[in-house]
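The primary structure of each chain is shown beneath.
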Amino acid sequence: MNPLVSLLCSRQSLGPKHLVDPGPGDAELAQMAEAALHAPDHGELMPVRFAVVRGAARARLAALFAQAARDAGKDEAGAALDAERAARAPVTLAVVARVDRGHMLVPEHEQWVAVGAALANLMNAAHALGFAGKMLSGAKVRNAAIQAAFCGPGETLVGWVALGSAARAPGPRRPKSGAATVLAEWSGRGARIRSGSRRSAQGGRSSV
Ligand SMILES: Cc1cc2nc3c(=O)[nH]c(=O)nc-3n(C[C@H](O)[C@H](O)[C@H](O)COP(=O)(O)O)c2cc1C
């Protein structure tokens, strides 16, 4: 396998409890952001941004998580556990989508694809730089106080990427299903070629 493709295939998520210092510093975060900016992105809208939580801000994130846990009906032990989880990763990136739902050219679903593509590039760059991490979301992304802390008008809190150095090697990976499950030849034999079909069955816009 090509060594870069092999590197991509070796990425494996590692949760916050297995992450230790050092996390990515300014230069490494900038490289990760560059990688995110180079993902496929129709119209170059860059419909996502990443808010860096580190240092003293980790305690503030922990306080927000603790309150969200109380709001969700957890007891003080549960709230303390959530707070501890929030503060554990050396660096956390909040993933904030800024999808323009009324864009003239780029439909919403394409912007969401671009959000995911940017996230994948960012996480693969972190892996290439020797860091481990995991994308996490959960019910907390719907907590009003947490949303208000990270998002401006029209933005959506997708979740958080916990980042750091791996305290242990990742466990054995469940085998993936294999390329043939997602890759198949299209012969085009069943396609009907006809005029007057500007709108697709998906209701998408015909563009570019
Ligand atoms: C947007 C998004 C949100 C996710 N939220 C969670 C989560 O809350 N909890 C979780 O265990 N995994 C979550 N995952 C999945 C993990 O990040 C990870 O991809 C999955 O466990 C597969 O592991 P792998 O990356 O090693 O293949 C999320 C993934 C994405 C893309």
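Just above sits the structure.
Description of the structure in this document. (Residues numbered from 1 in each chain as written. Predicted model: local features only at pLDDT ≥ 70, side-chain atom pairs only at ≥ 80, totals over all residues.)

With that settled, consider helix H2 (residues 26–37). Within an α-helix, residues lying three or four positions from one another point in the same direction, as the helix has 3.6 residues per turn. Here H2 is 12 residues long and its end C-alpha atoms lie 16 Å apart, about the 16 Å a rise of 1.5 Å per residue gives. Tucked into the core, H2 has its buried residues touching strand E2 (48–53) and helix H5 (108–128). (Helix = DSSP H or I, 4+ residues; strand = E, 2+ residues; numbered from the N terminus. Expected span 1.5 Å × (residues − 1). Contact = placed C-beta atoms within 7 Å.)

It is worth spelling out unusual backbone geometry at this point. In this structure, proline 22 follows aspartate 21 across a cis peptide bond, with omega equal to -5°. On the secondary structure map, proline 22 appears in the loop between strand E1 (19–20) and H2. A positive phi is found at glutamate 44, a non-glycine position, where the angle reads about 50°. If you trace the backbone, glutamate 44 turns up in the loop between H2 and E2. For glutamate 44, a count of 8 C-beta atoms within 10 Å gives the class exposed. Residue methionine 46 is not a glycine yet carries a positive backbone phi of 40°. With respect to the helices and strands, methionine 46 occurs in the loop between H2 and E2. Owing to 15 C-beta atoms within 10 Å, methionine 46 belongs among the partly exposed residues under this scheme. (Buried ≥ 20, exposed ≤ 12 C-beta atoms within 10 Å, placed from the backbone.)

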